[in-house]
Amino acid sequence: MTAQEFLGKEEFTIQNQTVSESCPSNIALIKYWGKYENQIPANPSISFTLNHCKTNTTVEFFADEVFSVQTFLAGKEEVKFAEKIEKYFRNIEQYLPWILKGKYVIKTENTFPHSSGIASSASGFGAIAKCLMKLDETFSGKTSEEESLRKASFLARLGSGSACRSLYNGLVVWGESQVRGSSDLFAVQYPNDEIHNVFKNFNDWVLLIHEGQKSVSSTVGHGLMNTNPYADRRFQEARENFGPMKDILATGDMQRFIKLVEHEALTLHAMMMMSDPAFILMKTGTMEVINKIWDFRRETGLPLFFTLDAGANVHVLFPNDGSEEKIKSFIEAELLQHTQNNGVVKDVMKF
Ligand code: PMV
């Protein structure tokens, strides 16, 4: 498929309309870090979609008014976010030709704390893209649910790359790879029948190590991959990692899964350290938690491991395989002390 196939219908009828949608966040296992023009990823990625970390969004559209966007986050007006959305809407006009023909009031709230450092751009752009597709259905006519979801993923990608993966449940792939139907333009669901049951009942407890603004945004971080001398090797490695990942997912090989997922997380942060200028988003607490997880695993052999996104928080991962009560007690007793305010978001993967 090409981007041409997502061009919008030139015939439409607009009217005042209010739509609401909800979209979850996701956490990558093979990471996307580095991109080309028009949000084309430098390598494919695969993520788990979360269940509780969500954004709920209502879009009010006032037809035939001068184009403008007003946004509210948890009831508070956010001018900077409105500017970002306005730019985004201008950028996607060819795909939704009615989009600049009205005024928008967008009200959005996250189910996770705003200051948590959990990226809200994935769930945020996912929810907006779903709202836009709902409006498009009334203005331009109905399409199949499958097509509408695919276009929502395509549109979400243009807002924030990783957002395109949040449109689907389970394991989700974005970027051309060995996975059937995968594309750089939108995400696809990883075939459920090729996933061992052990991966379908998983926990992700997000330890909030550092609440608040990150020192380097992911936009800047992606950009620094353009001059990173290790970038090409990294992009190649991520592509290659899909081979073992497919095998691991099919066979349920937890030890290889743990090794691969932790390697991906550390590689992401190694890329940051090897950027020019270099930057480090991990904090002391991040390192303490990682070392304690490694010690725990060495001592007990239980499947507790971690991944990281572009920040200091640690996503602590473990399956519901009978060992989870021991693991939960360990996290409460040993890991929570490294968070800023005993902050933890206890999530599970959504299948
Ligand atoms: O979608 P962005 O531009 O916020 O980038 C997300 C990058 C990572 O979260 C670090 C990795 C990923 O694949 O989600």
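Just so we're clear, the structure is a prediction, and the values are computed from it rather than from any experiment. (Residues numbered from 1 in each chain as written. Predicted model: local features only at pLDDT ≥ 70, side-chain atom pairs only at ≥ 80, totals over all residues. Heavy atoms only, no water.)

Enquirer: Looking at this structure, how should I read the site of the ligand?
Expert: With respect to spatial proximity, 13 residues lie near the ligand, and among them Tyr32, Ser162, Arg165, Ser218 and His222 are the closest. One of the side-chain N or O atoms of Ser162 is found 2.7 Å from an oxygen atom in the ligand. Compared with its free state, where it exposes 380 Å², the ligand has 90% of that area covered by protein. Here the shell around the ligand is composed, by residue class, of five nonpolar, six polar and two charged. Two domains each put at least three residues into the shell around the ligand: domain 1 (3-194) and domain 2 (202-350). (Near = heavy atom within 4 Å. Polar contact = N/O pair within 3.5 Å; in protein donor to acceptor, adjacent residues only side chain to side chain. Areas by Shrake-Rupley, 256 points an atom, 1.4 Å probe, with all protein chains shown as cover. Nonpolar A, V, L, I, M, F, W, Y, C, P; charged D, E, K, R; others polar. Domains from an automatic or database assignment.)

Enquirer: Just checking my understanding: could you explain the layout of surface pockets for this structure?
Expert: Vacant regions in the atomic arrangement are exposed by a probe of water-molecule size rolled over the atoms. Of the volumes computed, that of the second largest pocket is approximately 250 Å³. What lines the second largest pocket is a set of 15 residues, and nearest its centre among them are Glu5, Leu7, Thr143, Glu147 and Lys151. Going through the elements one at a time, helix H2 (121-140) and helix H3 (145-159) are the ones with two or more residues in the lining of the second largest pocket. In terms of residue class, the lining of the second largest pocket is made up of four nonpolar, five polar and six charged. (1 Å grid on protein atoms, 1.4 Å probe; cavity = no way out; pocket = protein on both sides within 12 Å on 5 of 7 lines; lining within 4 Å. Points joined across faces, edges and corners; volume = space filled by probe spheres on them. Helix = DSSP H or I, 4+ residues; strand = E, 2+ residues; numbered from the N terminus.)

Enquirer: Help me out: how do you make sense of the domain arrangement of the protein in this one?
Expert: Annotation of the protein at the domain level lists domain 1 (3-194) and domain 2 (202-350). Inter-centroid distance (C-alpha atoms) of domain 1 to domain 2 is 25 Å. At the boundary of domain 1 with domain 2, total buried surface from both sides reaches about 3,500 Å², with 67% on carbon and sulfur atoms. For the domain 1 face of the interface with domain 2, the top three residues by lost area are Ile30, Lys31 and Trp33, together amounting to 23%. Summed over the shared surface of domain 1 and domain 2, the result is 13 residue pairs in polar contact (both at pLDDT 80 or more). For the side of domain 1 that touches domain 2, the element with the most residues is strand E4 (residues 45-63), which contributes eight residues. (Buried area = accessible area lost by both parts, 1.4 Å probe.)

Enquirer: Mind showing me how you'd approach the packing of helix H6 (residues 254-273) against helix H7 (residues 284-300) here?
Expert: Working note: a packed helix pair is described by the angle between its axes plus the distance between those axes. Running from N to C, H6 and H7 cross one another at 165°; their axes reach a closest spacing of 14 Å. It follows from the interaxial angle that H6 and H7 lie roughly antiparallel. The crossing of H6 and H7 is left-handed. Along its contact with H6, which presents Ile258, Glu262 and Leu266, the element H7 presents Ile290, Ile293, Trp294 and Arg297. (Axes fitted to C-alpha atoms, helices over the stretch in contact; angles between N-to-C directions. Parallel < 35°, antiparallel > 145°, perpendicular 65-115°, else oblique. Left-handed = near helix turned anticlockwise from the far one by under 90°. Contact = heavy atoms within 4.5 Å.)

Enquirer: Whenever I open this one, the packing of aromatic side chains confuses me. Can you help?
Expert: Centre-to-centre distance and the angle between the planes together describe a pair of aromatic rings. One pass over the structure, following the stated rule, counts 23 aromatic pairs. Seen in terms of ring centroids, Phe199 and Phe202 are 6.2 Å apart; in terms of plane orientation they differ by 25°. Their pairing is stacked. Each member of the pair Phe199 and Phe202 is classed as buried. Relative to Phe305, the ring of Phe257 has its centre 5.8 Å away and its plane inclined at 80°; by these criteria the two rings are edge-to-face. Taken together, the residues Phe257 in helix H6 and Phe305 in strand E11 (residues 305-308) connect sequence positions 48 residues apart. Relative accessible area serves as the criterion here: at 0%, Phe257 is assigned to the buried category. An aromatic cluster is defined as three or more aromatic residues linked by ring pairs; in this entry it consists of Phe61, Phe67, Tyr88, Phe89, Trp98, Tyr104, Phe125 and Phe139. For the cation-ring pair, Lys103 lies above Phe62, with the distance from its terminal atom to the ring centre recorded as 5.2 Å. Lying across the ring of Phe186, Arg150 places its NZ or CZ 5.7 Å from the centre. (Phe/Tyr/Trp six-rings, centres within 6.5 Å; stacked < 30°, edge-to-face > 60°. Buried < 20%, exposed > 50% of the residue type's maximum accessible area, 1.4 Å probe, protein only. Lys NZ or Arg CZ within 6 Å of the ring centre and 35° of its normal.)

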